[in-house]
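Summary of structural features
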Amino acid sequence: MAFLPFCRTSVLALLVVLGASAAGAQPVADAVGDAPTAGAEQRSIGEWLRRMHDASRKRTYSGSFVVSSDAMLASARIWHACEGEQQIERVDALSGPPRMTFRRNDHVVTFLQDAKVARIEKREALGLFPNLLQAVDSSIPEFYTVRQLGQDRAAGFEADIVLIKPKDKLRYGYRIWSEKKSGLVLKLQTLDHDGRVLEQAAFSELQIDAPVRLSALARMMDKTAGYRIERLETRVVDPADEGWELREPVPGFQAMHCIKRAAHAGAAPTIVQWVFSDGLASVSLFLEPLDPQRVAKPGLVAMGATQSLMQRHQGWWLTAVGEVPPATLKAFASALQRSRK
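Here's a quick rundown of the structure. In this convention, every chain numbers its residues from 1, walking through the sequence in written order. Residue-level local features of this predicted model are given only where pLDDT is at least 70; pairs of side-chain atoms are given and counted only at 80 or more, and the full residue set underlies all totals for whole chains, interfaces and linings. Note: side-chain values were computed over all heavy atoms of the structure, leaving out hydrogens and water.

**Observations regarding the pairing of strand β1 (residues 61-69)**
Filter applied, for reference: Whether a residue is buried, partly exposed or exposed follows from its accessible area with a 1.4 Å probe, protein chains only, as a fraction of its type maximum: under 20%, in between, or over 50%, in that order. Helix and strand definitions here come from DSSP, where helices need a minimum of 4 consecutive H or I residues and strands a minimum of 2 consecutive E residues; each element is numbered from the N-terminal end. Paired strands, as defined in this entry, are two strands with at least two bridges between them according to DSSP.
Where burial is concerned, most of β1 is hidden: 8 out of the 9 residues are buried. Where β1 lies against strand β2 (residues 73-83), 8 bridges are found, and the strand directions are antiparallel. Across the sheet, the residue bridging to S64 is R77, located in β2. Inspection of the sheet shows β1 paired to strand β11 (residues 197-208) by 9 bridges, in the antiparallel sense. Bridged to Y61 within β11 is I208.

**Focus on the nonpolar core**
In plain terms, the rule: As used here, the term nonpolar core means buried Ala, Val, Leu, Ile, Met, Phe, Trp, Tyr and Cys residues forming a set that is joined through side-chain atoms within 4.5 Å. Whether two residues touch is decided by their heavy atoms; if any such pair falls within 4.5 Å, the residues are in contact.
With 36 residues, the main nonpolar core has Y144, I164, Y174, F253 and L285 as its most contacted residues. A per-element tally of this core places helix α2 (residues 45-58) first, with 4 residues. Excluding residues that lie within four positions of it along the chain, Y144 makes contacts with I45, I164, K165, P166, K167, R171, Y172, Y174, D278, L280 and A281. With 21 residues, the next largest nonpolar core counts A154, W177, L184 and L186 among its residues.

**Points about helix α4 (residues 214-222)**
Filter applied, for reference: Arc definition: directions from the helix axis to the C-beta atoms.
Of all the residues in α4, the buried ones are L214, L217, A218 and M221. Seen end-on, α4 carries its buried residues on one side only, within an arc spanning 105°. Contacts made by the buried residues of α4 are with β2, β3 (86-93), β4 (99-104) and β5 (107-112).

**Thoughts on the packing of aromatic side chains**
Short version of the rule: For this analysis, a ring pair means two rings from Phe, Tyr or Trp (six-membered ring only for Trp) whose centres lie within 6.5 Å, classed as stacked if their planes differ by under 30 degrees, edge-to-face if by over 60, and tilted for the remaining angles. Either the NZ atom of lysine or the CZ atom of arginine qualifies as a charge over a ring when it sits within 6 Å of the ring centre and within 35 degrees of the ring normal.
According to the stated counting rule, one finds 8 aromatic pairs in the structure shown. For the ring pair F102 and F111, a centre distance of 5.8 Å and an interplane angle of 85° mean the geometry is edge-to-face. The same class applies to F102 as to F111, namely buried. Measuring from ring centre to ring centre gives 5.6 Å for F253 and F332, while their planes differ by 80°; the resulting arrangement is edge-to-face. One end of the pair, F253, is in the loop between β14 (244-246) and β15 (254-261); the other, F332, is in helix α5 (residues 326-335), with 79 residues separating them in the sequence. Judged by relative accessible area, F253 falls into the buried class, the value being 7%. Over the ring of W177 we find K187, and its NZ or CZ is 4.0 Å from the ring centre.

**Structural notes on the pairing of strand β20 (residues 316-322)**
Across the 7 residues that make up β20, a large majority, 7, are buried. Burial along β20 is two-sided: W316, L318, A320 and G322 facing one way and W317, T319 and V321 facing the other are all buried. Relative to β20, strand β17 (residues 282-289) runs antiparallel, the two being bridged by 7 bridges. Counterpart to P289 in the pairing with β20 is W316. Looking at chain direction, strand β19 (residues 306-313) and β20 are connected through 7 bridges and run antiparallel. Among the inter-strand pairings, H313 is bridged to a residue of β20, identified as W316. Counting the residues in the hairpin turn of β19 and β20 gives 2 residues, including Q314, whose phi is positive at 50°.

Rendered as structure tokens:
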């Protein structure tokens, strides 16, 4: 359809680009590097994730990172600053068309430099690398296990290597390089059920506690002179009020939020985006009225770890997107139904 959805590892969302696996889709080894350090190996999955989450939100940093899959390669430069609960970051795409994206909490401005367009929207911050944890959820241990594999170096830092494995086939696993002192995620590999790398996001160069000022990034974000402003209207909605419900839940996934958004600047919101997460992985269900003149071909598309399922659904067009196995998207599509005409 005309709408290109955004979803999690969304490195992909901010870059709007995908990339290729430098690891060559190699299976995960049972042991990597040196033996786990005392204390670190005793951390629970909640403790590991909280440590990584806090580091991504409470530290300033800047660096270059690369997102890769078996098809393409993309890179970007990131600056992140925080003051208390205020978060701001700038991401400059280093591959593809020039674009500069700023996020201040849930407020996003994307500068399309060639077109001299600044797109302004609100967007939930689900899992922007290096922030892996999407929700503080006690159910995560029900669906994942954790094991420290050893130590290694990444982006010039000593790191603990942590393997997070799913307990079922509705979600992928992760191999994570976590900076030893701060916990910041330096490298993240998304793994299929055979332990093969589907996608990798990694810093190639990083400065932790960099002299990045929140006020300076805020001024850059507000500097829209010379750009045509495009505002993408969104509003929070109740899926039941929009006529949608799940006949049965998909195990482990909880509804996070639901919004109605415009397909393009200046248009009224017509597309419902219903977001679910198990705390690590997320799924977005995009629903829009079926337009016979713009119907895309139904099917399943894979780009790295991101799967997209497109199909007609009770007179509507459904696009289900997530960094989950295809079976998970099919489970959501099967459970989704109209609650009223």
